[in-house]
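Summary of the model geometry
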Amino acid sequence: MPYRLHDLFERNRQWAREVEAERPGFFTKLLAQQEPQYLWIGCADSRVPANEILGLLPGDVFVHRNVANVVVHSDLNALSVMQYAIDQLHVRHLIVVGHYGCGGVTAALHDRRVGLADNWLRHVKDVRHKHRAFLDRLPDDARRLAALCELNVLEQSLNACETTVVQDAWSRGQVVVVHGWVYGLHNGLLEDLEMTVRGPGEVAAAYDRALAAIHLRGGASALAAQASAAQAGAAPAAPFSEAPCAALAAPAVRPAPGAA
Ligand SMILES: [Zn+2]
């Protein structure tokens, strides 16, 4: 087994050559300063790389990632990233990005022991407990997992809004918009959960609106629909809620890669 990882260095040099060929002077310009507009707080999952998903180059997005994209008020790592990005780099958008099929959320949902990370995932279990009544009403585990992935984004976005970093920025009139998004591993697409907040006066209404939409969807993401169908050995079921709402159909209709 090669242990010096020469292939990665070769890939790196090839990538740098291609970027420089397409954009002469790209790296020397970045050397002078970085001016990212976006702070991405996402899951550490290797399938959810911020720059690639957004189609952005180095210098465009400031990134913090951890298991299950958790924002904890006592996490000095995340808080320091947020403080530096907002106070020093003046990012205008803080985006909490979860993803369907998240391993950390799955472990929290099923009380699965994974080791030291169990302690970290307690924060996701708190989300599960907070929304237990809704989750228990969903028809199967695939729906519950999809819904908990969305709920986790919602709660971590709320936590981001409530940090002293964001609150202080808003109180001095700095533009910082907090967003909550979820990414589909199955189709490479981001979805906006509509937890979009521009100031303290918008937090509660945005939270309530996003939560109502999550309740209406009932975990009916395309990925959950596929998993449910596989479990049942039948075609994807209808969305959980019977309430008439256009939001019901939207998340479940995108085909998976390779599907007709
Ligand atoms: Zn994850």
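Presented here is a report on the structure given in the accompanying data block. A quick note: this is a predicted structure, and the numbers were derived from the prediction, not measured.

Most of strand S3 (residues 93–99) is tucked away: six of the seven residues are buried. The pairing of strand S1 (residues 38–43) with S3 spans five bridges and is classified as parallel. When the bridges of S3 are listed, Tyr38 appears paired with His93. Here seven bridges tie S3 to strand S4 (residues 177–183), and the two strands are oriented parallel to one another.

At their nearest, the axes of helix H8 (residues 141–162) and helix H11 (residues 222–232) sit 8 Å apart, and the two run at 165° to each other. Here H8 lies roughly antiparallel to H11, going by the angle between them. Considering only the axes of H8 and H11, their crossing is right-handed. Between H8, through Ala142, Arg143, Leu145 and Ala146, and H11, the contact on the second element is made entirely by Leu223, Ala224, Ala227, Ser228 and Gln231. A class-by-class count of the residues in the contact of H8 with H11 yields six nonpolar, two polar and one charged.

Okay, unusual backbone geometry next. Its identity as a non-glycine residue notwithstanding, His90 has a phi of 60°, on the positive side. Relative to the helices and strands, His90 is located in the loop between helix H4 (76–88) and S3. Non-glycine residue Glu194 carries a positive phi angle of around 65°. On the neighbour-count criterion, Glu194 (17 C-beta atoms within 10 Å) is partly exposed.

The mixed open sheet is built from five strands, whose spatial order is S2-S1-S3-S4-S5. Strand pairing shows two members of the sheet lacking a second neighbour, strand S2 (61–66) and strand S5 (190–192), which therefore form its edges. Averaged over all adjacent pairs, the angle separating strand axes in this sheet is 25°, with direction ignored. In this structure, S4 lies alongside S5, joined through three bridges in antiparallel fashion. Residue pairing across strands places Tyr183 opposite Leu190, the latter belonging to S5.

Cut-offs used in this document
- Residues numbered from 1 in each chain as written.
- Predicted model: local features only at pLDDT ≥ 70, side-chain atom pairs only at ≥ 80, totals over all residues.
- Buried ≥ 20, exposed ≤ 12 C-beta atoms within 10 Å, placed from the backbone.
- Helix = DSSP H or I, 4+ residues; strand = E, 2+ residues; numbered from the N terminus.
- Pairing = 2+ DSSP bridges.
- Axes fitted to C-alpha atoms, helices over the stretch in contact; angles between N-to-C directions.
- Parallel < 35°, antiparallel > 145°, perpendicular 65-115°, else oblique.
- Left-handed = near helix turned anticlockwise from the far one by under 90°.
- Contact = placed C-beta atoms within 7 Å.
- Nonpolar A, V, L, I, M, F, W, Y, C, P; charged D, E, K, R; others polar.

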